[in-house]
Amino acid sequence: KVGNVQPKYSIQGDDNLQSMLVGTIMRKIKSRTWKKQRYFKLQDDCMTIWYKSKKAVSVSDVEAIRDGHQSEVLLSIADEFPADRCFTLVFRGRRGNLDLVAESAEEAQSWIRGVRKNSGVFQPLLNGTPSSSGLPRWIGDWFRKADKNNDGRMNFKEVQDLLKMMNVDMNEHHAHRLFTVRMADKSQSGSLEDDEFVLFYKMLTQREDVLRVFQEYSFDGQKLSQSDLEDFLREEQLDGMGVQQQAEQLIERYEPSDTAKLLKAMTFDGFLMYLGSAEGSIFNPQWRGVFQDMSQPLCHYFISSSHNTYLMEDQLRGQSSVEGYIRALSRGCRCVEVDCWDGANGEPIVYHGHTFTSKILFKDVVTAVGNYAFKVALVPQTTGIWQQVSEYPVILSMENHCSVEQQRVMAQHLKHILGDKLLKSTLEGKALTGLPSPEDLKRKILLKAKKIGGLEESFNGMGEDSQTGEVSDEDEVAEINEDNLHRESICRRKSKQRLSKELSDCVVYCKSVHFSNFKHSRIHSKFYEVASFTESKARKHLRETGTEFVHHNSRQLTRVYPSGFRTDSSNFNPQEMWNAGCQIVALNFQTAGEGMDLNDGLFGPNGSCGYVLKPSFMREVEKRFDPEIPHQRDGYQPVVLTIQVISGQQLPKVNIKEDSIVDPLVRVEIHGVPMDQSKQETRYIENNGFNPVWYDTLRFTLHTPELAMVRFVVEDYDKTSRNDFVGQYTLPLHCMQQGYRHIHLLSRDGTRIPPSSLFVHIRITELG
């Protein structure tokens, strides 16, 4: 022990942690002009960093550590402080970064290594195996929080406080019973030490719901023989092939008792560990990596896409920052937006035109995209697992409002900064008959913008000799006119825009064009042309000519973006656009909520690579699919989804009042074609966020299961006002595992909130 607490790691021999415990003076940087020295010190718990006497940072909240000038703020002072003294702490969710400059390169490296070690960002679980060294971090956190007087023990009052922190409403008599000699306080000292706390915790986490399942399949009620486990996997989990080998692997991986392992059996503890693991979760780990065919044309994929990527807040006065690009790309986004305007000193700038949003340099945006397009980062919705986010192409969607002179500067920056990453010509050996595939375009950045002439002229070397050309100028801001508001003040500008040949030549497979109608498109449009629609225009086309819209999207790319009226950066529901096969459905990544939950859910599978293959009936030109009448398509096979919501585990508190306990209910939402849109709720459980039990069954009929997304939402019921959000999890129907499964809940920001989960039973059966 160090002092009266148990740190997560042994400090003996760890020079980095020793140095951090002593503390050091570093500069905290907020801007080029705000640079203040602060004393930073790691506390004895090895999980908290204090600075400026009162402020604290929890190491467990750190998602990534970037060394060098890898933030907008540190880039701005690069001429003042060398890269080897600079580093950035990036926090989970939407919290701002902490940019620091150490007094020496050695001190910087000591803090970088120490924080990385203690935050666990470089320590993934091996094959999903639970750690055998000590308790999970969150149990230790509970112990420390409850141990108010830091004596390494918990008296009865501290235990009562702990129950409140754990969101369990337990009467005083029951709580005192846990304290008796017969139960946890074996030393009869009137307090719990750490080992007694483990027993106390085990008693609190009894799972009668899981025990019921265990005993149903256990021959003797004490253990599952390998044969018992095989029966469970075959009959409940519907694991057909290789059940014998799977049972052997699960015992080897999750059974904590060596004696049971020798008997080829699984105890209840092992069974509980398996059901709480990735293999026991609702998401099928088979679909975690890239598993889809990535060799089809770009237009055959849904593409994770960001709207006004540079904005960190709202659309009128919000901050513009390259951090928006870094965060979007690190989440697997593969299409980012850049609004370019003339800036001072001949340097183009990026901001939301005609608003009070702040401005950033175009060259800084290009640098960030070049640095982070294919960088190693944390995989969304997982803990501590690092991999290359995606090698598949990034599309730079450009809205160009610049003069010809500054367009030339933009072209120079794109070529100079991106180098070989920028796609400057058609792929060698590829005929001009269709779009290349994500596989063909690996590690390439494509510019989507207006272009002089077509791809054929460039391919045949017949392009214009002049250095500029004219293209029609249709400002997206004009789309606010879509609902006949402000008709006089904001009218569609159909004028001509001068375009520099240098910038035009950077556009290869993604030429931005005006859309007339589907008939005109069918006859005249080229495979490399991309039309953009506001959400309301896309809805209109979907409603009036759904089949034509789907057909159009089987041949070329379409981009849909939020209405100009969404000045708060809110999002529309992307599902209705995916129903039409629209590939580039651009969302405000900075805004949490249903829209981003669905986006994270759709793009979580397939390696979180930002590309998801559309169903075959949306890719094949000869197929006719109308999302309004899905039963008329070839291969129509509806299914019934049955979900039994059994229980919840340690749901987070949402009300800051100390004596407040959650009254949880679970809502299951189906997002898909209009016939499948549905939601059902369980009843609410009064005053129990710790281990609520429902056993409520919900049933849904799905007519297009290939497009269905399932969203589980937990809310705190309130009869007098709107329910409070507690947690959610969203995934495609086809990625769900059947049987008894845990759902590991995510916060509003889409980050994990361990140990909060739901326990459910899933069945998917064909109808008729």
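Rules of the game
Residues numbered from 1 in each chain as written. Predicted model: local features only at pLDDT ≥ 70, side-chain atom pairs only at ≥ 80, totals over all residues. Heavy atoms only, no water. UniProt positions renumbered as here; feature names shortened; annotations may be inferred. Buried < 20%, exposed > 50% of the residue type's maximum accessible area, 1.4 Å probe, protein only. Helix = DSSP H or I, 4+ residues; strand = E, 2+ residues; numbered from the N terminus. Arc of directions from axis to C-beta. Phe/Tyr/Trp six-rings, centres within 6.5 Å; stacked < 30°, edge-to-face > 60°. Lys NZ or Arg CZ within 6 Å of the ring centre and 35° of its normal. Patch = residues over 30% accessible without salt bridge, like charges linked within 9 Å, V, L, I, M, F, W, Y side chains within 5 Å. Areas by Shrake-Rupley, 256 points an atom, 1.4 Å probe, with all protein chains shown as cover. Salt bridge = Lys/Arg side-chain N within 4 Å of Asp/Glu carboxyl O. Lys, Arg positive; Asp, Glu negative; His and termini not counted. Charge placed at Lys NZ, Arg CZ, Asp CG, Glu CD. Pairing = 2+ DSSP bridges. Axes fitted to C-alpha atoms, helices over the stretch in contact; angles between N-to-C directions. Parallel < 35°, antiparallel > 145°, perpendicular 65-115°, else oblique. Contact = heavy atoms within 4.5 Å. Nonpolar A, V, L, I, M, F, W, Y, C, P; charged D, E, K, R; others polar.

Going by an unreviewed UniProt entry, the protein chain carries the name Phosphoinositide phospholipase C and comes from Cyclopterus lumpus. Per UniProt, the comment on the protein chain under Cofactor (unreviewed entry) is "Ca(2+)".

Chemist: Please explain helix H12 (residues 268-275) as it appears in this structure.
Modeler: Think of an α-helix as turning once every 3.6 residues; residues three or four places apart then point the same way. All buried positions along H12 are accounted for by Phe 268, Gly 270, Phe 271, Tyr 274 and Leu 275. Looking straight down H12, one finds that the buried residues subtend no more than 160 degrees of arc, so they occupy a single side.

Chemist: Quick question: what am I supposed to make of the packing of aromatic side chains here?
Modeler: Each aromatic ring pair is specified by the distance between its two centres and by the angle formed by the two planes. Per the stated rule, a full pass over the model turns up 22 aromatic pairs. Taking the centre distance of 5.2 Å and the plane angle of 75 degrees together, the rings of Phe 232 and Phe 271 count as edge-to-face. In this pair, Phe 232 is assigned in helix H9 (residues 226-235) and Phe 271 in helix H12, connecting sequence segments 39 residues apart. According to the relative accessible area criterion, Phe 232 is buried, its value standing at 0%. Following the ring pairs from residue to residue traces out a cluster consisting of Phe 214, Tyr 217, Phe 232, Tyr 254, Phe 268, Phe 271, Tyr 274, Tyr 740 and Phe 759. A cation over a ring is seen here: Arg 95 above Phe 91, with NZ or CZ 4.0 Å from the ring centre. Taking the ring centre of Tyr 372 as reference, the NZ or CZ of Lys 375 above it sits at 5.4 Å.

Chemist: Please explain a positive patch on the surface as it appears in this structure.
Modeler: Residues Lys 30, Lys 36, Lys 52 and Lys 55 make up a contiguous surface patch of positive charge. By secondary structure assignment, the location of Lys 55 is in strand E4 (residues 55-58). The partly exposed category is assigned to Lys 55, whose relative accessible area is 39%.

Chemist: What is the right way to read the sheet that holds E4 from this model?
Modeler: The 7 strands are arranged E4-E3-E2-E1-E7-E6-E5 in an open sheet whose pairing can be described as antiparallel. Edge positions in the sheet fall to E4 and strand E5 (62-67), since each of these pairs with one other strand and no more. Strand-to-strand twist in this sheet, taken as the mean axis angle between neighbours without regard to direction, amounts to 35 degrees.

Chemist: Can you walk me through the packing of helix H1 (residues 15-22) against helix H3 (residues 105-119) in this structure?
Modeler: Two packed helices can be described by the angle between their axes and the distance between those axes. Following both chains from N to C, one finds H1 and H3 inclined at 105 degrees, their axes separated by 8 Å at the closest point. If you check the angle between H1 and H3, you find them roughly perpendicular. Between H1 and H3, the contacting residues are Asp 15, Asn 16, Leu 17, Ser 19 and Met 20 on the first element and Ser 110, Trp 111, Arg 113, Gly 114, Val 115 and Asn 118 on the second. Its residues assigned to classes, the contact of H1 with H3 shows 4 nonpolar, 5 polar and 2 charged.

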